[in-house]
Structure formats: C-alpha cells, structure tokens
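Results of the structural survey
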Amino acid sequence: KIDKICDSYGATKYRLPEQVPQQDEIVKQVDDRLKDLGMVLDKTRDYRRGKLEEIVNKVDGWMLHVQREKAVFHTLNMFNYDVTHKCLIAEGWCPTDDMDSVRAALRQGTIRSGATVQTVLNQVKTRETAPTFFRNAKIAQGTQSIVDAYGMARYQEFNPAVFSVITFPFLFGVMFGDVGHGFMMALGGLLLCLYEKKLAYLANDEMFGTLYKGRYNILLMGIFATYSGFIYNELFAVPMEIFGKTAWCSGEMVEDEHCMNTLGYEPGEAMQKWVRTNMGDAWSNMDGSTGKEVVWDVYPFGTDPGWAHTSNKLNSVNSFKMKFAIVAGVVQMVAGVCCKLMNTLYFKDDLTMYFVYIPEMVFINSIFGYLVLLILIKWTTNWDTTYVLNNEQVVTIPQRYCMDDLSNSPCWTPPYWYNRETVPGYGSQLALLPESMWCMKNGVATAGCALYKLKLDNNQEQIIVEGNTFGTGELLDATLFNGKDCKAMGADHCALWKQSPPSLLDSLIKMFMEIGFVPIENQIIPGQGGLQVFLILIAFFSVPVLLFPKPFILKARHEATQHQQLHDGDDDDGHAPGGGGHGGHGEFEFGEEMVHQMIHTIEYVLGCISNTASYLRLWALSLAHAQLSEVFWEKTVVEVGLESKSAVMLFVTISAWSCFTFGVLMGMESLSAFLHALRLHWVEFMNKFYHGDGYKFIPFSFDNLQAVLGDE
C-alpha cells in the first residue's frame, strides 16, 4: 500500500537498513555530504563577492558604454540603406550656423575611421516644419526649461524666455520681498553657481538636480526679493533705517531739534504727528512770507520706517502693493500683446497684425492702460495742493505763503493762524468774506488755508479762501456754490475746498455705470468724462473688429485661390480642374475658422479682466509673507524671548524662530511664490501670443543620451 501511495504522488523512495549501525553509517555519510556542499557554497559566495567588489567601480563605465552603443545603433537604425550605391543615407535637421562644424566633423570621422569613401553632406529642401532650437546662456537655461514645460515654441516663433528671464524672478521678488529672506536665497543660489562644476555629479538626483538646474533662477529670485525687501523696508519683518530715520515727526521726538522747532508744535502732545518740511524757511512769524514753496520731506528710498508701528500701516502698504500689482500686470500683458506684433512682423502676417494685434492693443489699453495711467497720475499728484474751485474745476495752489499785498496769489494764508482778521496785510479783506471761507474750524489750526483770486466779468478780482468741508457737505452743493453765481452774486456763492484723492475702484466702476459723468471731486484728468466716453467707444468697436474681419478675409482669399486654380485648370490640356497638385494648401472651413475666432475674442476680452484681477496675487502673497514673518518674529523672539529677560529662553525662541523661518517662509512660502509666478507667466503673459505647439530639436549627443534614446 505504501508503494502504491508513493507511486501515485510521485514520491522518491529511499531504502533504510534495518540494522542500527547501518543506519548510523548512512546518517554520517549524509552529514559529510552536507558539510562538503556547505563548504562549496561558502567558497562560491566568497568568490562571487570578490568578483563583484572588483567590478563595482566599472559598472557605471560599462553602463555608459552600453548606452552610447545603444544610442549609436538606435540612430543608425533610422538611416536608409541605398541598395544601388550600397551606402547609408540619413536625413536630419542641423542648425544653419553649425553646417561648417558638421562638415569638419564628418571629414575628421572619415579620416580616423580609414574609410575609402568620403561622406557627402547636402542641404535638402523640404516642406516639413523644422524643430525649434534656442542657444541660451547658462543664466537663461532654467527659464527656458520653464517656458518649454508650457510648450515648445513654433519654429522661429518669439521666445518668451527673452522677457521671462527677468520678469519671472522679478514677480517672485515682489511676492517674497524681504531683505533677510532674499539675501538667504541669493546666497544659496550664488553658492550653487560658484561650485557648479563640483556639484555637477549630483545633478542626476531628482531633488537636488531641480535646484542645481535652476541655480541661476534662484540667484536672480533672491536678488529681486532683496531689492523688493529694500522697497518694503523689511528685514525679517523688522523696519530698517539704512537710508536715514523717518521723515515724520512726533511729539515723542523731544531730542530732535528740527521737529521741536516746527511751526505749530504743541509741547505735551505726544501723539501729535507731522511730516518734516521746510516751513520755517517759507514763513517767519517776524518777517512773514519769504516766497519759498513749502516742500515735504520724502524718505530717500523705499517705505518710510515711521509707518512700521502705526495703526494704519496695512492701509498704506496695501494701497501701494495693490496698485503696483495692477501696474505690473497690465505692463506685462501689454508686453505679451507686443510679442504678438513681433511674430506678425517676422512672418509678415498683415492680417493678424491689423485685425488681431491692433484691436487687442486698443481694447486692453483703453480700459486697463487707462487705469494704469490714473494710478500713475494719482501717485505723482500732490493732493495737498489740489483744490476744487466753485464745484466746477480743479486748480493747483502751491503751498507758498501769501505776501502782504497778495502779489504771489494763488497762495496760502499764514500757518496756524486762528483769527483771519489779524492776518498781516490782507486780514481786513479776509474779514469781509463769508464764514465758510476759512479752513481752521473749532480751534483746530492747520498749515494754512489756500487763497485764490478769481477774475470776474467786470475785470475785478474776487478773493476766495479755502473752506472746511469736514462734517458738512454744503460747500459741495453745486446748486449753491458754482462759478456762474460766484461771478454774478459775489463771495457768498463761491467755494474752494481741498480735493481728496479719489478712489480708483469707484472711478473704474462709474466709468461704465455713469458713462460720460465724472463728479468734480473724483476728477483726476481735465476733461476726464469725455475721455472715458471715447475710450469706451473704441474699446466697444475693437471687439467686432477682432471678431469678424479675419474669418471673412480668409474666406475671400480661399475663394480667390480656388477661382484661380479653376481658371488654371481650364487652361491645362487633359487636366481636370481642382485636381491634385497643391489643392489650395489644405481645406478651409469657414465655420471652423469663425468659431475659432469667436472663442479667441471671448477668451481675450474676458481674459483681460480676469488676468488683471489675477495679478492681485502679487499683493496677496506679499501681504501674507510680510504678516507671517512679522507674526513669527513678534510672537516668539519679542513677546517671549526678550520679555522673559532670560538668555536660555531667548536662545530657545530664536531657535524656534529660525525653524519657522527656514521651514515655513524659506520652504513653503518660496515654493508658493514660485508657483504663482509660474502661473502668471504661463496663463496671463504667454497666452497673449504664444502657440507652443512646436517640437524640440534634439541633436545626437553623448551628453544627452536619454533624449537621444527617447527616454524623456
């Protein structure tokens, strides 16, 4: 039975002697055999380990050699074999400037190989689209990789990297602006650049290789972040006084003689704040007006450190950063549209230039270019000298104090002079004016009230003095105070009040909601209402110009080509019209072209709005970076470390702050700013002109085997 079971399962049967001594002998033989086999295995293992140790340093060289051989045979497999002449024929692309170098290399290869047949190189004409090849310096290679990741440029299309090599790190710096953080990043990029040859062997590592290939981008991003940090005047969120102390004075600066000697300073008012001026040179309580204009001190460079701990710091900083984000965004988008002009001029595409580029430029500049113009005018206007006269016109009254005979009008009344009747020289004339014509109300003194002389119809002059509109809107009522009534009925119907900087957001909204009407208090440019009507009209008419002409002109050209082909076909003997040949350069579908142009028009018009809003991320990221940096510093080092007055606690808090700085700000925040800068270039800038549907020129090179073998 046991034999049958073993046979059925295919088991091996061993005979076991019945005698115990014989069994022991067999066990001993098996043990000896196992020992011999174990010894053989150990020696084999030692031999194999020794051999592997001998060749471990040669494997990389062998792998490189195999890859090179594989690349050579892979390339040779793409050659064609000419049976008649028994030679290999290859067709490929070569940069025109490198033709002489290729011929020299072929001659050298023929000589070194000892070949009896010379290699022939001919230039072949083809209708195939050539690959795209850019010669970039090392500093631009990282930016070129970013552009290529979006899409390879068409052959001879404008390369966005020309602008992006500077604009990309600049926009990053705007979002990451801080002297300390920017210097750390620039230092890291500089070290990578200085030791690039020594670190080249680590470039194959995925993580470090990314940093190594973008080392020049990191250096530029750090430089621009440092520059932006000087503009924001922030060093790890701490304000600096590199370019001098604040241009502001306060009642707390008792040691500052210039501030303490300022006219209007009231001792004991610690919360009193004012800007440093040369008011003392423009007015003297002994001699009166000197005729000089009051000039407000301006901080030499960047943000005044005096704003650092004020309650309205965010309002001031946000206003600047928000407007700058709009200016930078519109400028870059307009530059993108201008790049389209470069393409059209190079390819001689007059149709695109006249009916795509021009309407696009008109549309974006008539709305958003106009907004940028308003921002620049608002920034450069001295609103302390801008006044509204009779609710009809905006006048500029420089801050120079009036002479006793008012010979230098328009001018300002004496500073901090409560009683207008006692003003030297012309106080009696001021006393005859209505009570509304005096800006110093309720005992609150100012640096003077503006004075303006209005010429009446009878060639006489009417003195008009600035009124105080705070708490009352009576002076703003054009039915009571206007130029016509002022000239006809006298000073009781005249008004002069200081214009406040208008809200640009309201101005832009009312540009479309109240077409042609700009309240005098919101006027920035003379004739602004009529200008806005003109801009809206040309923006409106640019849309149909962008939409309709190009498809219909293409249709007319196609029909003309078909008609010409039909005419040529009738003249040819034995050839049917519309037969093979050139065939009109492909089929033309008017409906498809019309839909494509419609999509482009809608995308561009809506994109101008959404893209402009998208650039506000520059402001948002900059604000987030500054606030995080300030929170980390204030909540760790200042409020815990310094207030504890303990060296150990100070060391602990500084260590924690360093970890937060490197981990959150230098790590996460820098990556976030990088991605947002990437999006602004890919979506907001490059989509204005860039097709990105070409293919890359990949030359045969042992230095780029992965690309040659198609592993990328």
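Residues numbered from 1 in each chain as written. Predicted model: local features only at pLDDT ≥ 70, side-chain atom pairs only at ≥ 80, totals over all residues. Heavy atoms only, no water.

1. Some points on the overall build of the protein
- Of regular secondary structure, the protein possesses 22 helices and 12 strands.
- Computed over C-alpha atoms, the radius of gyration of the protein comes to 41 Å, more than 25% over the 27 Å expected from 2.2 N^0.38 for 712 residues, which places it beyond the range of a compact globule.
- Reported as C-alpha extents along the three principal axes, the dimensions of the protein are approximately 145 × 100 × 65 Å.
- Out of the 712 residues in the protein, the part that is buried amounts to 38%.
- In the protein, of all internal contacts separated by at least 6 residues, the share reaching a separation of at least 24 is 67%.
- If you sum the accessible surface of the protein, you get close to 43,100 Å²; carbon and sulfur atoms cover 60% of it.
- A distance of 10 Å separates the average location of the 56 positive side-chain charges in the protein from that of its 79 negative side-chain charges. (Helix = DSSP H or I, 4+ residues; strand = E, 2+ residues; numbered from the N terminus. Rg over C-alpha atoms; globule rule 2.2 N^0.38 Å. Buried < 20%, exposed > 50% of the residue type's maximum accessible area, 1.4 Å probe, protein only. Contact = heavy atoms within 4.5 Å. Areas by Shrake-Rupley, 256 points an atom, 1.4 Å probe, with all protein chains shown as cover. Lys, Arg positive; Asp, Glu negative; His and termini not counted. Charge placed at Lys NZ, Arg CZ, Asp CG, Glu CD.)

2. Some words on a nonpolar patch on the surface
- Among the surface-exposed residues, Phe183, Leu187, Leu190, Leu191, Leu194 and Tyr195 lie close enough to one another that they form a single nonpolar patch of about 590 Å² accessible area.
- Positionally, leucine 187 belongs in helix α7 (residues 179-194). (Patch = residues over 30% accessible without salt bridge, like charges linked within 9 Å, V, L, I, M, F, W, Y side chains within 5 Å. Salt bridge = Lys/Arg side-chain N within 4 Å of Asp/Glu carboxyl O.)

3. Overview of the state of the cysteines
- Using the criterion set out here, one finds 3 disulfides in the structure.
- Each disulfide pairs two cysteine sulfurs, and for cysteine 402 the partner residue is cysteine 411, the sulfurs being separated by 1.8 Å. Note on the cysteine 402 and cysteine 411 pair: the S-S dihedral is about 100 degrees, so by sign convention the disulfide is right-handed.
- Take cysteine 402: its relative accessible area is 2%, and that puts it in the buried class.
- The side chain of cysteine 486 participates in a disulfide bridge whose partner is cysteine 494; the two sulfur atoms lie 1.7 Å from each other. A torsion of 90 degrees about the S-S bond marks the disulfide between cysteine 486 and cysteine 494 as right-handed. Of the two residues, cysteine 486 and cysteine 494, both sit in the buried class.
- The thiol sulfur of cysteine 87 is not disulfide-bonded, and the nearest other cysteine sulfur, from cysteine 94, lies at 20 Å.
- You can see cysteine 608 has no disulfide; the closest cysteine sulfur is in cysteine 338, sitting 13 Å from it.
- Here cysteine 608 falls in the buried class, since its relative accessible area comes to 0%. (Disulfide = S-S within 2.5 Å.)

4. Things to note about the sheet that holds strand β12 (residues 496-498)
- What the 3 strands build is an open sheet, ordered β8-β7-β12; its pairing is antiparallel. Both outer strands of the open sheet, β8 (393-396) and β12, are each paired with one neighbouring strand and no more. Direction aside, the axes of adjacent strands within the sheet are offset by 35 degrees on average. (Pairing = 2+ DSSP bridges. Axes fitted to C-alpha atoms, helices over the stretch in contact; angles between N-to-C directions.)

5. A short note on the sheet that holds strand β10 (residues 450-455)
- Ordered in space as β9-β10-β11, the 3 strands form an open sheet in which the pairing is antiparallel. Looking along the sheet, the strands with just one partner apiece sit at the ends: β9 (411-412) and β11 (461-465).
- Where β9 and β10 come together, 2 bridges link them in antiparallel fashion. Bridging from a neighbouring strand, cysteine 411 pairs with leucine 451 of β10.

6. Re the pattern of salt bridges
- Under the defined criterion, the tally for this structure stands at 13 salt bridges.
- Linking lysine 51 and glutamate 54 is a salt bridge whose minimum nitrogen-to-oxygen distance equals 3.9 Å. Of this pair, lysine 51 and glutamate 54 both sit in helix α2 (residues 20-55), separated by 3 residues, roughly a single helical turn.
- For lysine 51, a relative accessible area of 37% translates into the label partly exposed.
- Residue lysine 453 is joined to glutamate 461 by a salt bridge in which the shortest nitrogen-to-oxygen separation is 3.7 Å.
- In this structure lysine 453 comes out as partly exposed when scored by relative accessible area, which is 26%.
- Glutamate 461 sits in the exposed class, given a relative accessible area of 53%.

7. With respect to a negative patch on the surface
- Taken together, the side chains of Asp24, Glu25, Asp31, Asp32 and Asp36 define an acidic patch exposed on the protein surface.
- Summarising the element assignment, aspartate 32 is placed in helix α2.
- On the basis of relative accessibility, which here comes to 37%, the residue aspartate 32 falls in the partly exposed class.

8. Structural notes on the pairing of β8
- Two elements, strand β7 (residues 386-389) and β8, share 4 bridges in a ladder whose sense is antiparallel. Counted as the bridge partner of leucine 389 is glutamine 393 from β8.
- Counted between consecutive antiparallel strands, the loop separating β7 from β8 contains 3 residues, among which asparagine 390 sits at a positive phi close to 55 degrees.

9. So, the confidence of the model for the protein
- On average, residues of the protein score 87 in pLDDT, and 94% of them are at 70 or above.
- In the predicted structure, residues 574-585 sits below a pLDDT of 50 and forms 8 contacts with residues beyond four places in sequence or in another chain. (pLDDT = per-residue confidence, 0-100.)

10. Remarks on the packing of aromatic side chains
- Counting across every chain of the model gives 29 aromatic pairs.
- Relative to phenylalanine 347, the ring of tyrosine 346 has its centre 5.3 Å away and its plane inclined at 90 degrees; by these criteria the two rings are edge-to-face.
- Relative to phenylalanine 702, the ring of phenylalanine 700 has its centre 5.4 Å away and its plane inclined at 65 degrees; by these criteria the two rings are edge-to-face.
- Among the aromatic residues, those joined into a cluster by ring pairs are Tyr150, Phe158, Phe163, Trp682, Phe685, Phe689 and Tyr690.
- Over the face of the ring belonging to tyrosine 212 we find arginine 215, whose NZ or CZ atom lies 4.3 Å from the ring centre. (Phe/Tyr/Trp six-rings, centres within 6.5 Å; stacked < 30°, edge-to-face > 60°. Lys NZ or Arg CZ within 6 Å of the ring centre and 35° of its normal.)

11. Digging into the pairing of β7
- Covered by surrounding structure in β7 are Thr386 and Val388 together with Tyr387 and Leu389, the residues of both alternating faces.
- Direction of pairing for β7 relative to β12: antiparallel, over a ladder of 3 bridges. When the sheet's bridge partners are listed, tyrosine 387 is paired in β12 with lysine 498.

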